[in-house]
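Structure at a glance
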Amino acid sequence: MTHKRVYAFSEGDGHNKKLLGGKGANLCEMTQIGINVPPGFVITTEACLDYLKANTLPADLMGEVKKQIKSMEGATGRSFGKGKNPLLVSVRSGSAMSMPGMMDTILNLGLNDETLEGLIRQTGDERFAYDAYRRFIQLFGKVALGIGDEHFDEHFEEVKQQAGVKADVGLDAGHLKEISERFLAVVRRESGKDFPQDVFMQLQLAVESVFRSWMGKRAVDYRREFHITPDMANGTAVNICAMVFGNMGDDCATGVGFTRNPGDGSKEMFGEYLTNAQGEDVVAGIRTPKPLQSMELEMPVLFSELVALRDKLEGHYKEVQDYEFTIEKGTLYCLQTRNGKMNAAAMVKTSVDMFTEGLISKERAILRIDPELLEQLLHPRLDPDSPARPIAVGLPASPGASSGKCVFDADLAEKLGNAGEHVILVREETRPEDIHGFFAAEGILTSRGGKTSHAAVVARGMGKPCVAGAEGIVVDVSLRLAHAGDHVLHEGDVITLDGGTGMVYLGAIPTIPPQFSEDLEELLRWADEIADLKVMANADTPEAAKKAREYGAMGIGLCRTERMFNASDRLPIVIDMILAENKVERVAALDRLLPIQRADFVELFSVMSPDPVTVRLLDPPMHEFLPTEHDLLDQIHTLRLYRDVVRGRQTALAALPVKRDLPEVLSELSEEFVNDALIKKERMLKKVRELQEVNPMLGHRGVRLGIAYPEIYAMQIQAILEATIECTKKGIEVHPEIMVPQVITTQELAHVRRTVDELSAKLEKDFGAKLNFKFGTMIETVRACTRATHLAANVEFFSFGTNDLTQAVFSFSREDAENKFLPMYNASGILRDNPFEVLDTEGVGQLIDMAVSRGRKQRPDLKIGICGEQGGHPGSIRFCHKAGLDYVSCSGPRVPIARLAAAAAKLQ
Ligand code: PEP
Ligand code: MG
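Definitions and limits used
Residues numbered from 1 in each chain as written. Chains lettered and ligands numbered in written order. Predicted model: local features only at pLDDT ≥ 70, side-chain atom pairs only at ≥ 80, totals over all residues. Heavy atoms only, no water. Donors = N, O, S within 2.8 Å, 3.2 Å for Na, K, Ca; no water. Helix = DSSP H or I, 4+ residues; strand = E, 2+ residues; numbered from the N terminus. Buried < 20%, exposed > 50% of the residue type's maximum accessible area, 1.4 Å probe, protein only. Polar contact = N/O pair within 3.5 Å; in protein donor to acceptor, adjacent residues only side chain to side chain. Contact = heavy atoms within 4.5 Å. Pairing = 2+ DSSP bridges. Axes fitted to C-alpha atoms, helices over the stretch in contact; angles between N-to-C directions. Parallel < 35°, antiparallel > 145°, perpendicular 65-115°, else oblique. Left-handed = near helix turned anticlockwise from the far one by under 90°. Nonpolar A, V, L, I, M, F, W, Y, C, P; charged D, E, K, R; others polar. Salt bridge = Lys/Arg side-chain N within 4 Å of Asp/Glu carboxyl O. Phe/Tyr/Trp six-rings, centres within 6.5 Å; stacked < 30°, edge-to-face > 60°. Lys NZ or Arg CZ within 6 Å of the ring centre and 35° of its normal. Near = heavy atom within 4 Å.

1. Comments concerning the coordination of the magnesium ion (ligand 2)
The expected angle between donors at a tetrahedral four-coordinate metal is 109.5 degrees. At an octahedral six-coordinate metal it is 90 or 180 degrees. The protein atoms that coordinate the magnesium ion (ligand 2) are Glu-780 (OE) and Asp-804 (OD), at distances spanning 2.0 to 2.1 Å. In this pair, Glu-780 sits in the loop between strand 28 (774-779) and helix 29 (782-786) while Asp-804 sits in helix 31 (residues 802-810), placing the two residues 24 residues apart along the sequence. According to the relative accessible area criterion, Glu-780 is buried, its value standing at 3%.

So this is what it looks like as structure tokens:
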């Protein structure tokens, strides 16, 4: 089957991004809605895949390309490869997902010795023509022939030095001619061949190299980092477009714009431009560009055309656009548009604003935000009360604050970052090949370039703080230091960046947690109205519960009571309980714990009132509250040595003729005192040895403990019910839910239920009213899933404990998997995700579906939720919505993400 591989901008389907790439589809769409785009065409992503498979271009492809070039010649009145009025083209990559700077682009293609002369004659501008030529030779040499930039840069700098000029604009035609000649010689020397003069050969090599760049390291790393899978983007398209020039004089310019400010979302002209320059000058940060606002004074007519372009783009795409434009001799062209990548604050504000302006619906306002993006809003800001003084100031290019050791190259940043160090990548300017350093860094600082420079765009996309164009900083990579005013920053010195203000500080400056904006509150209110799933928090203390409330939690889905046991005032009592030789001793310890637990619950219930609080009865194996055998042996050894010292001291004192007064503390440390400590430690050691298990997480824990020591669960149940009464008496509405962990059979539930019934009957009698609470089970064993029908007959709710359930389904120890083999499994693609982070919908999900349907068949009003870590992950939330769960429960700071994801799940 032959399929069409080449589409003119006037015929391609603007919605088919998979086939035409995002850039190509938008060029087609813009052309078809009447925006002034230079003529051109798109070679499809399918052609790319065919090329990569066969390692050669499809047979008829260049024939189709030639036909398109012919029609471009017709549209522009120019000829490709001919001396008079030559047609030059740009060759750009573009896949279905935006991957800024990750793949290759070539400009000015079509220049050779003949067309160069033509261009000079036609424009009467020798300087311009040689400038275009040298740019083309370098880009083509780098991208299509694989010749490193440094081979060219060396000559460029040399000529600049000889000419005594600092900026490129200072070079005249003669200099640029010399540079072009030197560049041609570089190509000859490095590639062993002359620079190709046949323009169709240039085009073919360029197309092939763009196709190959899809599998280049940068692009592959980027796709892996951002989880771009083949079903999202497969192959790159190639966009071939007639060149227009922003560097033909002072009535020319080139720039990039955002339809709204991507830093804070406000509706204003935002972007940068340079007069008499070519596109790459703006993004590469080689000359510091001017803000678009200056254009209003400099080129007022064109500025109003640009405003109209901005309005048309936003009105059509109903989304904030990131566009590129060029003005050639007073004519404005739009060269590209795509959905703007913005930080979370800007996404939230533009969602609320665009809904208010009537541009988008509430549903769209929610769906356009990737819930994970909200994570950025949970990042800290610099403490405004900190007296720190900045050592340098740059452009606030990506908000947030972070500290770290400054590092001057991406490789070292990656190495240190991966080793767990906090690093700030400090560069003169960044390039796409620095991307691995971005991933590892806490923030990025550059001394050149604007808010749309590579560093700024990439950092914003990643939600990392970036200060760009801090010109007061001079970086010397070879000496591994940077000067910032009077300060010398050595590699490894700690600095702090504030990407919201552009300030750079020496040392680590304290930060404060972020606060929710009005806009975010509003958006999340809409989300709550739309979502079916409720979002609860996993919180174990009143403080955590308060925080969770602020994040919008609608209750507590999991309170792990063992975490209450670990507080310093309780642990000794818990240890006494564990060391108890008999029930009487154990009950004595539990009696001391009861009032403490009850007070905890009163506080927790009060904070969450009137929403439900799910309290899980004790779950972990007992040994977790005791020191390890190794530590105990060590302590016992030390105590024995110490006892010898105490004995020796006493012997020495007895032998001395004169008694001395000893400090009180020493005299208190008598042999009996040390012996008591030794006895306690030895009892602990004995207990630890008794409790030892080969697989404790599959051992004596959860409800099995509750059955072995019913008095422990009885104390907890009593504390919950008494706290309920206490709150009710105070007029606080509470809805406690008692949850049993690790259940495999109804008999276990019946056992615990008996205690619940006995205690509640007794307390209700004393209280004189019915107690309002629910009884439920965690579903975290495979057997619980298979026996869901029977379990449901005994409980009012299920809560999927997908941490343990995942462990059981995979037969992976969750304590070990994440550090040992999971990263390798993920890197090699054997498993796409870490199943302890992202719910394994194909495996664990099947069991959940089964348990939900069996449970609900038995008890249609069964309340069902999830409380494993996956409960805060948007993909997992989508699954939970489809599975018909009532709620998800996750850690407090993930609650906003989960709220948005729950609404999105309903809308998708
Ligand atoms: C679970 O297993 O998913 C769970 C929430 O319990 P824990 O992580 O405490 O074992
Ligand atoms: Mg569990």
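2. Considerations on the side chain of Asn-538
With respect to the element layout, Asn-538 can be found in strand 24 (residues 534-538). Accessibility expressed as a relative area gives 13% for Asn-538, which makes it buried. At 2.6 Å, the side chain of Asn-538 and the side chain of Ser-889 are in polar contact. With near-sequence residues (within four places) excluded, Asn-538 lies in contact with Gly-557, Leu-558, Arg-560, Cys-867, Ser-889, Cys-890, Ser-891 and Gly-892.

3. A few points about the sheet that holds strand 18 (residues 473-476)
The three strands are arranged 18-19-20 in an open sheet whose pairing can be described as antiparallel. Looking at the sheet topology across the chains shown, the edges are occupied by strand 18 and strand 20 (487-490). Across this sheet, the average inter-strand angle for adjacent strands is 20°, counted without regard to direction.

4. Describing the packing of helix 5 (residues 126-143) against helix 7 (residues 173-191)
What describes two packed helices is the angle between their axes and the distance between those same axes. Axis separation between helix 5 and helix 7 bottoms out at 8 Å; the angle between their running directions is 25°. The angle between helix 5 and helix 7 places the two elements in the roughly parallel class. For the pair helix 5 and helix 7, the crossing hand works out as left-handed. Contacts between helix 5 and helix 7 pair Glu-126, Arg-127, Tyr-130, Asp-131, Tyr-133, Arg-134, Ile-137 and Gln-138 from the former with Ala-173, Leu-176, Lys-177, Ile-179, Ser-180, Phe-183, Leu-184 and Val-187 from the latter. Considered class by class, the residues forming the contact of helix 5 with helix 7 number nine nonpolar, two polar and five charged.

5. Observations concerning the sheet that holds strand 3 (residues 89-94)
Reading across the sheet, the five strands line up as 1-2-5-3-4 and stay open at both edges, with antiparallel pairing between neighbours. Strand pairing shows two members of the sheet lacking a second neighbour, strand 1 (6-8) and strand 4 (105-109), which therefore form its edges. Pairwise comparison of adjacent strand axes, ignoring direction, gives a mean angle of 20° for this sheet. Looking at chain direction, strand 2 (residues 40-43) and strand 5 (residues 237-242) are connected through four bridges and run antiparallel. Its bridge partner being in strand 5, Ile-43 is matched across the sheet by Val-238. Packing against the sheet, helix 3 (residues 61-76) makes contact with strand 1, strand 2, strand 3 and strand 5, and its axis sits at approximately 165° to strand 2.

6. Description of the pairing of strand 4
By the criterion of burial, strand 4 is predominantly enclosed, with four of the five residues buried. As defined by bridge partners, strand 3 adjoins strand 4 across three bridges and the pair is classed as antiparallel. Counterpart to Val-89 in the pairing with strand 4 is Leu-109.

7. Things to note about the pattern of salt bridges
Taken as a whole, this structure holds 57 salt bridges when the rule is applied. For the salt bridge of Glu-357 with Arg-260, the shortest nitrogen-to-oxygen distance reads 2.7 Å. In this pair, Glu-357 is assigned in the loop between helix 13 (344-356) and helix 14 (362-367) and Arg-260 in the loop between strand 6 (253-258) and strand 7 (270-275), connecting sequence segments 97 residues apart. Given a relative accessible area of 0%, Arg-260 falls into the buried group. Between Glu-671 and Arg-647 there is a salt bridge, and its shortest N-O distance comes to 2.7 Å.

8. Topic: the packing of helix 31 against helix 34 (residues 844-858)
Packing of helix 31 against helix 34 brings their axes to within 10 Å, and their N-to-C directions diverge by 115°. Regarding helix 31 and helix 34, the two cross each other, and that crossing is right-handed. Residue-level inspection shows Thr-802, Leu-805, Thr-806, Val-809 and Phe-810 of helix 31 in contact with helix 34, the latter providing Val-844, Leu-847 and Ile-848. Of the residues in the contact of helix 31 with helix 34, the class split is six nonpolar, two polar and no charged.

9. Observations concerning the packing of aromatic side chains
For the coordinates displayed, the defined rule picks out 17 aromatic pairs. Their ring planes at 50° and their centres at 6.0 Å tell us that Phe-565 and Phe-625 sit as a pair that is tilted. Placement of Phe-565 in helix 20 (residues 561-565) and of Phe-625 in the loop between strand 26 (612-616) and helix 23 (629-655) is noted, with a sequence separation of 60 residues between them. Take Phe-565 and Phe-625: they sit in the same class, and that class is buried. Their ring planes at 45° and their centres at 5.2 Å tell us that Phe-810 and Phe-812 sit as a pair that is tilted. Each residue in the set Phe-810, Phe-812, Phe-821 and Tyr-825 is aromatic and connected to the rest through ring pairs, giving one cluster. Looking at Lys-66, its charged tip hangs above the ring of Phe-200, at a distance of 5.0 Å from the centre. Lying over the aromatic face of Trp-214, Arg-223 brings its terminal NZ or CZ to 3.7 Å of the ring centre.

10. Observations concerning the side chain of Arg-182
Along the chain, the position of Arg-182 falls in helix 7. Relative accessible area serves as the criterion here: at 17%, Arg-182 is assigned to the buried category. Only 3.0 Å separates the side chain of Arg-182 from the side chain of His-155, close enough to count as a polar contact. The residues touching Arg-182, leaving out its near neighbours within four places in the chain, are His-155, Glu-158, Val-159 and Gln-162.

11. Overview of the site of ligand 1
Residues in close proximity to ligand 1 total 14 residues, the closest being Arg-560, Gly-801, Asn-803, Asp-804 and Arg-814. Residue Arg-560 places a side-chain N or O atom 2.7 Å away from an oxygen atom belonging to ligand 1. Between ligand 1 and Asn-803 there is a distance of 2.7 Å, counted from an oxygen atom to a backbone nitrogen or oxygen. Those elements that provide at least two residues to the shell around ligand 1 are strand 25 (556-560) and helix 31.

12. Focus on unusual backbone geometry
Between Ser-609 and Pro-610 the backbone carries a cis peptide bond, its omega angle lying at 5°. A positive phi is found at Lys-318, a non-glycine position, where the angle reads about 50°. Along the chain, Lys-318 turns up in the loop between helix 12 (300-317) and strand 9 (321-328). On the basis of relative accessibility, which here comes to 39%, the residue Lys-318 falls in the partly exposed class. Of note in this structure, Arg-480 is not a glycine but carries a positive phi near 55°. For Arg-480, a relative accessible area of 28% gives the class partly exposed.

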